[in-house]
Amino acid sequence: MSNNYLDNSVYLRLEVSIWTGKARLSRDDIPNANKLPPDTLATLGTKRIFDPAKLRPFGALKTRAVRACDQHGVRCMGGWIVETGAAQRLATELQAIRDEFDRTKSQFVSDYDAGADAWLAQYPEWASILRPALPESYELRKRFAFRWQVLEVKPVESPEYGGTAAADIGGLEDTALEAVAGEVKELLGRGFTNERTSITTKSLRPLNALADKCDNYAFTRPEMATLSDVFRELAKCEPTPGTLSLVRTALTALSTPAGLRSVTFGATAQSITKGMTDPAMMGLGSFMPDPEEEVAPEPLGTVVPPSGIVVDPEPAVLQQVLVPPEPEEAKQDTVEGSLNDIISMLM
């Protein structure tokens, strides 16, 4: 696979350091420690010297930053490969998160002494082993850091250097599909479980973010834009009872890299329809192309619904919810560029 897309992308590495609020537990901290096994057999672990609740805002900010990187770039070599246009948008988001991180750090340091006293007051019998391990407030600023680096990527292809960078970068397309499939599975388990009997606009909203991610990933393969179109059309669904069955069926089909690849590699509406509507193949069927269709020559794998998800095999549900009935004379064998085409691919 060609790595020409590196000409229009960068490598971003995110580094977020957060003080743990813990210290190593020593034998001197424990009465009768001589009865414990030696260090060669067991370690004592750590002691919590500060209230963990006070540190959670930093963890939340780190999670936000990682999610922003995942939204805009594809994971690779401990960081992300990001298309240059998306990298500019990502930098803006990271700068806003860093500013909030710095404000939170300043407030934390200001409140540190009072917070430490409050934590020790909860455990007075252990204060004598906790207090000595507490760092001074002026040292804390060095324990927190939020930074990132952006670099141009050009793998060294000379064999004498060895390494796996070229292979790692060459697998970006697969990594992108795995990331999207993982998010679809998460979305299915969060908002489209079998316990639900209806759907809301709020439930559909994450589909637009998923479409944006596919747009950001299109530098790895332009056909990723097709997935973006699919998710945007699903997000436009009216929140009716029938919509829940439709979206669940569609997302189940797209919850594996094989299902996503069947769309990005240009599998036809008829071939996907066969796998999604045959009751004998439903959930286990193969997205195999019809022999008369011009599609990717390789088998496209199987689609297995996530645990707890039951797929509705009735294609009429899909048509009734998203495609209004047409007069008989207006019907065509193919309706290019329409919602009908996109839904047909998912049926």
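Observations regarding the packing of aromatic side chains
Phase 1: Evaluation of the coordinates by the stated rule reveals 13 aromatic pairs.
Phase 2: Through a chain of ring-to-ring contacts, three or more aromatic side chains come together here, namely W19, F50, F58, F101, F108, Y112, F144, F146 and W148.

Structural notes on the confidence of the model for the chain
Phase 1: The predicted model of the chain has a mean per-residue pLDDT of 77, with 71% of residues at 70 or higher.
Phase 2: Within the chain, helix 13 (residues 315-322) has the poorest average pLDDT of any element, 36, and helix 1 (residues 56-72) the best, 98.
Phase 3: Counting interchain partners and residues more than four positions distant, the pLDDT-below-50 stretch residues 267-343 has 128 contacts.

Concerning the environment of H72
Phase 1: Positionally, H72 belongs in helix 1.
Phase 2: Along the primary structure H72 and R89 are separated by 17 residues, whereas in three dimensions their C-alpha atoms are 8.2 Å apart.
Phase 3: Look past the residues within four positions of H72 in its chain and what remains in contact with it is V82, A86, R89, L90, E93, N216 and Y217.

A closer look at helix 9 (residues 224-235)
Phase 1: Its 12 residues give helix 9 an end-to-end C-alpha distance of 17 Å, which sits within 8% of 16 Å, the value for a rise of 1.5 Å per residue.
Phase 2: Taken together, the buried positions of helix 9 are occupied by M224, L227, S228, V230, F231, E233, L234 and A235.

A short note on the pattern of salt bridges
Phase 1: According to the stated counting rule, one finds 13 salt bridges in the structure shown.
Phase 2: Here E233 makes a salt bridge to K236, at a shortest N to O gap of 3.6 Å.
Phase 3: Put simply, R13, E15 and R147 are held in one network by salt bridges that share partners.

Thoughts on the pairing of strand 4 (residues 73-76)
Phase 1: Pairing analysis gives four bridges linking strand 4 to strand 5 (residues 79-83), with the strands arranged antiparallel. Looking at the pairing, R75 lines up with W80 of strand 5.
Phase 2: Linking strand 4 to strand 5, which pair antiparallel, is a turn of two residues; within it M77 sits at a positive phi near 55 degrees.

A short note on the sheet that holds strand 5
Phase 1: With antiparallel pairing, four strands are arranged side by side in an open sheet as 4-5-1-6. Because the sheet does not close on itself, it has two edges, and the strands there are strand 4 and strand 6 (145-151). Shown here is a sheet whose adjacent strand axes are inclined to one another by a mean of 30 degrees, direction ignored.
Phase 2: Of the pairings in the sheet, the one linking strand 1 (residues 9-17) to strand 6 comprises seven bridges and is antiparallel in character. Each residue of the ladder has a partner; that of L14, found in strand 6, is W148.
Phase 3: This element, helix 6 (residues 172-191), spans strand 4 and strand 5 of the sheet and lies at about 115 degrees to strand 4.

Structural notes on the nonpolar core
Phase 1: Grouped together as the largest cluster of nonpolar side chains are 41 residues, with contacts concentrated most on V180, F192, L207, L227, F231 and L251.
Phase 2: Here this core takes eight residues from helix 6, the largest share from any one element.
Phase 3: Within the second largest apolar cluster, 36 residues are counted, among which are F50, V82, L90 and V109.

Considering the packing of helix 6 against helix 9
Phase 1: At a minimum axis distance of 12 Å, the contact between helix 6 and helix 9 shows a crossing angle of 15 degrees. Judged by the inter-axis angle, helix 6 sits roughly parallel to helix 9. Here helix 6 runs over helix 9; the crossing is left-handed. Touching A176, L177, V180 and V184 of helix 6 are M224, L227 and F231, all from helix 9.
Phase 2: Each residue belonging to the contact of helix 6 with helix 9 can be placed in one class, and the counts come to seven nonpolar, no polar and no charged.

About the thresholds
- Residues numbered from 1 in each chain as written.
- Predicted model: local features only at pLDDT ≥ 70, side-chain atom pairs only at ≥ 80, totals over all residues.
- Heavy atoms only, no water.
- Phe/Tyr/Trp six-rings, centres within 6.5 Å; stacked < 30°, edge-to-face > 60°.
- pLDDT = per-residue confidence, 0-100.
- Helix = DSSP H or I, 4+ residues; strand = E, 2+ residues; numbered from the N terminus.
- Contact = heavy atoms within 4.5 Å.
- Expected span 1.5 Å × (residues − 1).
- Buried < 20%, exposed > 50% of the residue type's maximum accessible area, 1.4 Å probe, protein only.
- Salt bridge = Lys/Arg side-chain N within 4 Å of Asp/Glu carboxyl O.
- Pairing = 2+ DSSP bridges.
- Axes fitted to C-alpha atoms, helices over the stretch in contact; angles between N-to-C directions.
- Core = buried A, V, L, I, M, F, W, Y, C linked by side-chain atoms within 4.5 Å.
- Parallel < 35°, antiparallel > 145°, perpendicular 65-115°, else oblique.
- Left-handed = near helix turned anticlockwise from the far one by under 90°.
- Nonpolar A, V, L, I, M, F, W, Y, C, P; charged D, E, K, R; others polar.

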